[in-house]
Amino acid sequence: ISIGTVVAPAGCASESSQSLLYIQRSETGTNSSSGVQSCHTEDQATEMVVLDTGSTNIWVGSMLCQDGPCTKHTRYDSSLSATYRKPNAERMLHIQFGTGRISGPQGVDDFHIGPFTVYNQTFGLIQEEEGEVFDQVPFDGILGLAFPKMSANGVTPFFDKIIEQKVLKKNEFAFYFSPDDPSANAVFWGGVDSAFYDGPIEYFKVIDPYY
């Protein structure tokens with residue numbers, strides 16, 4: 001997942017980043033000057049996140065975290081993002097997981113996944129991170145995909161923002177897990193791909209809208 005917006009290449013100036021074309025960093029390379037030469041916007045940071053259907057809030061590794069496991073991972077720098085802002089009501093989040101604890105302030109910025117953008121998403125910036133799991137597993141943050149009832153401080157969750165902003169043609173996401181090759185695992189945004197399953201899809205009613 002990618003967070004924030006920077007104007008590139010270096011030396012570009014624009015009155016508004018919204019007037020410039022957004023190009024994924026993967027299309028320009030890590031060094032914008034070696035790719036697209038015209039002024040454009042791209043991600044401030046790209047992080048490896050856990051897609052978690054058992055939680056609702058978003059947490060990203062941030063430069064606010066200066067000690068502990070977070071310093072070994074990619075960290076987003078809100079001070080460099082043209083689209084970052086503080087929420088109207090500034091709050092700290094403190095979340096205890098079974099395998100660790102994270103805390104930090106809330107912020108608002110744009111999030112990019114593949115070709116689509118979710119605007120003005122509230123999320124948590126990791127300031128403190130404790131737990132062996134953060135040392136042992138190579139992930140930078142957590143993208144919660146559960147229902148709004150679990151959201152801390154009443155924040156609109158990521159997928160609910162997708163629905164609200166009509167980002168996808170279908171308000172669905174799906175996971176594929178390969179029985180033979182973990183590198184073939186995938187997440188599909190906006191529906192399912194019939195090439196990855198056999199037979200009809202079976203649906204179950206949500207009894208309690210949490211997980």
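Read on for an overview of the structure. (Residues numbered from 1 in each chain as written. Predicted model: local features only at pLDDT ≥ 70, side-chain atom pairs only at ≥ 80, totals over all residues. Heavy atoms only, no water.)

### Examining the pattern of salt bridges
To be explicit about the condition: A side-chain nitrogen of Lys or Arg and a carboxyl oxygen of Asp or Glu constitute a salt bridge if their distance falls within 4 Å. Numbering of helices and strands runs from the N terminus, with a helix taken as a DSSP run of H or I at least four residues long and a strand as a DSSP run of E at least two residues long. Exposure classes here rest on a 1.4 Å probe applied to the protein chains alone. A residue is buried below 20% of its type maximum, exposed above 50%, and partly exposed in between.
Scanning the entire structure with this criterion turns up four salt bridges. We note a salt bridge from Arg101 to Glu128, for which the minimum N-O separation is 3.4 Å. Taken together, the positions of Arg101 in strand S8 (residues 101-113) and Glu128 in strand S10 (residues 128-130) put the pair 27 residues apart, joining distant regions of the chain. For Glu130, the salt bridge is made with Arg101, and the minimal N-O distance between the two is 2.7 Å. With Glu130 in strand S10 and Arg101 in strand S8, the pair connects residues that are 29 residues apart, well separated along the chain. Relative accessible area serves as the criterion here: at 44%, Glu130 is assigned to the partly exposed category.

### Things to note about the environment of Val167
Which entries qualify depends on this criterion: Throughout, a residue-residue contact means that at least one pair of heavy atoms, one from each residue, lies within 4.5 Å.
Relative to the elements of secondary structure, Val167 occurs in the loop between helix H3 (158-164) and strand S12 (173-176). Taking C-alpha positions, Val167 is 7.5 Å from Thr117, a pair spaced 50 residues apart along the chain. Sequence-distant contacts of Val167, defined by excluding residues within four places in its chain, comprise Phe116, Thr117, Val118 and Ile162.

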